[in-house]
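Given next are the chains, with one letter for each unit.
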Amino acid sequence: MDFTYTETQDMIRDTLARFLGDTYDFETRQKFINSDSGRDPAIWTALAQELGMLGAPFAEEYGGLGGGALENAIVMEELGKVIGIEPYLPTVVIAGGALKAVGGAQADAMIPEIIAGNAIIAFAYAEPQGRYDLANLRTTARKDGSGYVLSGHKSVVYAAPWATHLLVTARTGGNARDRDGVSLFLIDVNLTGIVRRDYPTVDGNRASEIYFENVAISGDALLGGEGTGLPLIEQIVDEATVAVCAEATGVMQKLHEGTLEYTQQRKQFGVPIAKFQVLQHRMVDMFMEVEQARSMTIMGTLKLELPANERMAAVSAAKAKVARGANFVGQNAIQTHGGIGITQELAIGHYFKRATMIESQFGSHDYHMDRYERIVLAD
Amino acid sequence: MDMEFSPEDLAFQQEVRDFIAENYPAELREKQDEGEEMSKEDFLVWHKILHKKGWIAPAWPVEYGGTGWTPTQRFIWSEETARADCIRLMPFGLAMVGPVIYTFGTPEQKAHFLPRILSGEDWWCQGYSEPGSGSDLASLRTTAIADGDDYIVNGQKTWTTLAQHADWGFFLVRTDKDAKQQEGISFLLIDMKSPGITVRPIITLGGEHEVNEVWLEDVRVPQSQRVYDENKGWTCAKFLLAHERTGIAGVAASKRGIEKVKAIARTEVDGDKPLLANAFFKRKVAELEVDLAALEFTELRSLAGANAGRGPGPESSLLKIKGSEIQQRLTELSLEAVGHYGAPYFRGFGEGDNEHPIGPDYAHRAAPTYFNMRKTTIYGGSNEIQRNIIAKMVLGL
Ligand SMILES: Cc1cc2nc3c(=O)[nH]c(=O)nc-3n(C[C@H](O)[C@H](O)[C@H](O)COP(=O)(O)OP(=O)(O)OC[C@H]3O[C@@H](n4cnc5c(N)ncnc54)[C@H](O)[C@@H]3O)c2cc1C
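What counts and how
- Residues numbered from 1 in each chain as written.
- Chains lettered and ligands numbered in written order.
- Predicted model: local features only at pLDDT ≥ 70, side-chain atom pairs only at ≥ 80, totals over all residues.
- Heavy atoms only, no water.
- Helix = DSSP H or I, 4+ residues; strand = E, 2+ residues; numbered from the N terminus.
- Rg over C-alpha atoms; globule rule 2.2 N^0.38 Å.
- Buried < 20%, exposed > 50% of the residue type's maximum accessible area, 1.4 Å probe, protein only.
- Contact = heavy atoms within 4.5 Å.
- Areas by Shrake-Rupley, 256 points an atom, 1.4 Å probe, with all protein chains shown as cover.
- Axes fitted to C-alpha atoms, helices over the stretch in contact; angles between N-to-C directions.
- Parallel < 35°, antiparallel > 145°, perpendicular 65-115°, else oblique.
- Left-handed = near helix turned anticlockwise from the far one by under 90°.
- Nonpolar A, V, L, I, M, F, W, Y, C, P; charged D, E, K, R; others polar.
- Buried area = accessible area lost by both parts, 1.4 Å probe.
- Salt bridge = Lys/Arg side-chain N within 4 Å of Asp/Glu carboxyl O.
- Core = buried A, V, L, I, M, F, W, Y, C linked by side-chain atoms within 4.5 Å.
- Domains from an automatic or database assignment.
- Polar contact = N/O pair within 3.5 Å; in protein donor to acceptor, adjacent residues only side chain to side chain.
- Patch = residues over 30% accessible without salt bridge, like charges linked within 9 Å, V, L, I, M, F, W, Y side chains within 5 Å.
- 1 Å grid on protein atoms, 1.4 Å probe; cavity = no way out; pocket = protein on both sides within 12 Å on 5 of 7 lines; lining within 4 Å.
- Points joined across faces, edges and corners; volume = space filled by probe spheres on them.
- Pairing = 2+ DSSP bridges.
- Disulfide = S-S within 2.5 Å.

The helix and strand inventory of chain A stands at eleven helices and ten strands. On C-alpha atoms alone, chain A measures out to a radius of gyration of 21 Å, which is about the 21 Å that the 2.2 N^0.38 rule sets for 379 residues. Counting the 379 residues in chain A, one finds 60% classified as buried. Residue pairs at least 24 apart in sequence account for 72% of intrachain contacts in chain A once pairs closer than 6 positions are excluded. By element, 51% of the accessible surface of chain A is carried by carbon and sulfur atoms, the whole surface being about 14700 Å².

Now for the overall build of chain B. Check the secondary structure of chain B and you find twelve helices and ten strands. Relative to its length of 397 residues, chain B is compact, with a C-alpha radius of gyration of 22 Å against a globular reference of 21 Å. Reported as C-alpha extents along the three principal axes, the dimensions of chain B are approximately 75 × 55 × 50 Å. At a minimum sequence separation of 6, the contacts of chain B that also span at least 24 residues come to 71%. Here chain B displays about 18600 Å² of accessible surface, and carbon together with sulfur accounts for 53% of that area.

Before going further, it helps to examine the packing of helix α4 (residues 69-81) of chain A against helix α8 (residues 277-302) of chain A. Residues and elements named next belong to chain A. Where α4 meets α8, the closest approach of the two axes is 9 Å, and the angle between their N-to-C directions is 150°. By the angle class used here, α4 and α8 are roughly antiparallel. α8 is crossed by α4, and the crossing has right-handed handedness. Taken together, the residues of α8 that come into contact with α4 (itself represented by A69, L70, A73 and E77) are R294, T301 and L302. Here the contact of α4 with α8 is built from residues that sort into four nonpolar, one polar and two charged.

Chain B puts 54 residues into the contact, and the matching count from chain A is 48 residues. Surface buried jointly by chain B and chain A totals about 4200 Å² across both partners, of which 58% is contributed by carbon and sulfur atoms. Among the residues of chain B in contact with chain A, L205, H340 and H356 of chain B are the three that bury the most area, contributing 18% of the side total. Counting every contact that joins chain B to chain A gives four salt bridges. Its salt-bridge partner being K284 of chain B, residue D366 of chain A comes within 2.7 Å of it at the nearest N-O pair. Only β6 (197-203), β9 (269-270), α9 (279-307), α10 (316-337), α11 (366-372) and α12 (383-394) of chain B provide two or more residues apiece to the side of chain B that touches chain A. Looking at the side of chain B that touches chain A, its residues break down into 24 nonpolar, 17 polar and 13 charged.

Attention now goes to the nonpolar core. Ranked by size, the top nonpolar core spans 148 residues in total, and within it Y88, L166, L167 and I187 of chain A carry the most contacts. No other element matches helix α7 (residues 230-265) of chain A, which puts 14 residues into this core. When residues no more than four places from it in sequence are discounted, the contact partners of I187 of chain A are L150, T164, H165, L166, V168, I194, F212, I217 and A221 of chain A. Membership of the second largest hydrophobic core comes to 67 residues, among which are W55, V97, W234 and A237 of chain B.

Before going further, it helps to spend a moment on the domain arrangement of chain A. All names here are of chain A. Here chain A is described as being made up of domain 1 (7-119), domain 2 (123-228) and domain 3 (231-378). A separation of 23 Å is found between the C-alpha centroids of domain 1 and domain 2. Contacts between the two partners involve 20 residues from domain 1 and, on the opposite side, 17 residues from domain 2. Counting across the interface, domain 1 meets domain 2 through zero salt bridges. Applying the counting criterion to the domain 1 and domain 2 interface returns seven residue pairs in polar contact (both at pLDDT 80 or more). The element best represented in the side of domain 1 that touches domain 2 is helix α5 (residues 88-102), accounting for six residues. Looking at the side of domain 1 that touches domain 2, its residues break down into eleven nonpolar, six polar and three charged.

Take helix α10 (residues 347-360) of chain A next. Residues and elements named next belong to chain A. Judged by how many residues are buried, α10 sits mostly within the fold: twelve of 14 residues are covered. Taken together, the buried positions of α10 are occupied by I348, G349, H350, Y351, F352, K353, R354, A355, T356, M357, I358 and E359. Downstream of α10 by a residue or two, F362 has a phi angle that is positive, lying close to 55°.

To continue, consider a nonpolar patch on the surface. All names here are of chain B. On the surface, I389, M393, V394, L395 and L397 cluster together into a nonpolar patch covering about 520 Å² of accessible area. Within the secondary structure, V394 is located in helix α12. Judged by its relative accessible area of 43%, V394 falls in the partly exposed class.

Where empty space is left becomes clear once a probe the size of a water molecule has been rolled over the atoms. Quantified by volume, the second largest pocket comes out at close to 1000 Å³. Mapped onto the lining of the second largest pocket, the elements with two or more residues apiece are α4, α5, β3 (147-158), α9 (308-337), α10 and α11 (365-376) of chain A together with α9 and α10 of chain B. Each residue belonging to the lining of the second largest pocket can be placed in one class, and the counts come to 25 nonpolar, twelve polar and twelve charged.

A word on the pairing of strand β2 (residues 140-144) of chain A. Regular strands place their side chains on alternate faces of the sheet. All names here are of chain A. Across five bridges, β2 lies against β3 in antiparallel orientation. Looking across to β3, one finds that R142 is bridged to V149. Counted along the chain from β2 to the antiparallel partner β3, the turn is two residues long, and its residue G145 has a positive phi close to 65°.

A few words now on the side chain of Q129 of chain A. Tracing the backbone through its elements, the reader meets Q129 of chain A in the loop between β1 (121-124) and β2. Within the structure, Q129 of chain A has its side chain in polar contact with the side chain of E127 of chain A (distance 3.0 Å). A polar side-chain atom of Q129 of chain A sits 3.2 Å from the main-chain carbonyl oxygen of N136 of chain A. Every residue in contact with Q129 of chain A, bar those within four places of it in the chain, is listed here: N136, L137 and R138 of chain A together with V269 of chain B.

Attention now goes to the state of the cysteines. All names here are of chain B. One pass over the full model with this rule turns up zero disulfides over all chains. The thiol of C125 is not disulfide-bonded; the next cysteine sulfur, from C236, is found 17 Å away. In this structure C125 comes out as buried when scored by relative accessible area, which is 0%.

Next comes the structure, spelled out in structure tokens:
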């Protein structure tokens, strides 16, 4: 057993931490998230071209760094520490993960584009009626000659306003919620009939409602088999879920550190408020949640390679634990700051907002406990 | 022991219901239902209707404009207004400075300020907290130095709720630097239009402008606007803290809140059923109802005590703690209920487009409200401070 990181992994973390330390201080972040486009594209380009970071989980033959899920977790945790809004999750972890899994000409064509920073890919999977069920789809892709016609509505697609491509889940057959009949497509964002409504999100990101109004797409947009896409989608969403747990670890660590620091400076009744034992115990509880989030992220990441059921149980265990932890650490960071914690001015509140959105991303605590029970406690 | 309303109480309840049904402004209701931002005027329409009816200050003594209702009738009133989702009345004049003025004020102060509070002519704000003095309020440093018939006031207040609308503020200021902390404080009424006052917005997590910094620079305040004796302001402050305890638990509003959460959870689908049929979610709603029942009956017991003439004691801290926790859990449940649509930030939606909506209307404020309501365990004496009070005053530790 060995939980140490390799030299390359340490290097990835250090390089990225240094870069983000220089480019992503809170004030700078606030400036670009409040700008018209909501981001600074130069950062993405630098991540790709100066740091090679967008190649972290890809094989060297594509021009990547030869890593995998652990490298993704490292990058996500560092992004969490600065509440980064870079679309690494949908582009590299999710779309990259799908392309790695299907391989072939599609991977050969797109992965280098991702690594170079030319492609930003948003993941359009959620639907108004679907909650966290990946098979609950009304979006359809109807066969039409050699291609398909896409119709439907996708909800809250993070990073879509910046995207060059969309990774879309749709039904090519079966009824809503069937496991069969689900397919995955990678399409250009500018196709005729794609209507987007863009908006900011409460955690400083940008997202869109996407309406497909009879969008003609070509046959080679299909990733994997027609109608048999669900296992692949579940796999990449599990990979994304542990990546989000890694991000949460970074966010939670900062919430905890920020609280420790503030309570040692803030004086009331003539003493630093960190002297009050009730606050000390609370900060100890926060600390324990951060440590457990880190443990569960590593556990989930290491188990991604196991057979589907074991993988899903592990990922759900991780996400359920992290969701609770993010809730606890976020709320208590604010409470312990007092009034100053609920202002936009301090970074702490923005970490809290991201922690809150992470709670339900790819499934809430309840959703994942339910999935865990169905796999592990089924008799 | 019994928990039934008397026939008189029931008749009163009906009267209140009828009055609200006939008089609550339809436009205001519409604005509320659509979750729109409330302006100063919106807050005041209902206030003015109630003033006209003579029902604006149920808690006040009749001689100053109160209704003369029994505590039970007041309870019915707050239940019914919450049930009908009436806009809340601003507490700063009616529930805070008003009672201080009629208890400690001079005849001139009473004659001038009380009618204007009742009519809604003056909007009040509360200037207690300072950057360095939150939980430890008695350490406040804003000074008032006597100068002829006036005081010259200097300092900074913060977290001042809705000071941007305020005509007047009630302030705690230090008039004796050498006395023990609590003994050198005075209670001043200050015209917010006085030269030297600057109000700067603080934007909170949900994006709202609700609180402010208030800077006071050589602000001249007539000594006739001091309430009660010089250096006795802490007495007024303590009175005020203990005074308005009915409603602190927010039971009626939380009941209404639970109904709203249920309505959302009946609309949201989870698989082939409404979310409210999801066993985990339903259990959380049920637990909240049970906790709310515990809070309600704790409040009723304390109300029965008030009926019997016993003043509210430090056990009202219990109502504040449990009430605020329930309010927060409600917002947490709403956010959970709306799923993905908790993320879009409605203040950035831009042009409306009915054909391509961004989630259901009820989802738009779920996250901002959840963020915003973290305040309830911080303000009005944080829940940690309330627990300290119970430990000391109730448990004698
Ligand atoms: C939305 C909002 C509106 C407000 N409106 C007004 C207003 O209109 N007028 C006004 O005057 N004030 C207002 N306040 C201020 C409010 O009363 C203070 O925020 C509150 O008293 C806490 O003070 P603080 O924010 O300085 O936190 P601090 O006192 O710095 O407390 C920080 C943390 O330390 C804890 N703590 C402090 N002392 C102890 C102790 N002895 N033991 C254990 N824990 C302790 C607190 O509970 C808190 O968790 C408002 C605040 C908010 C958030």
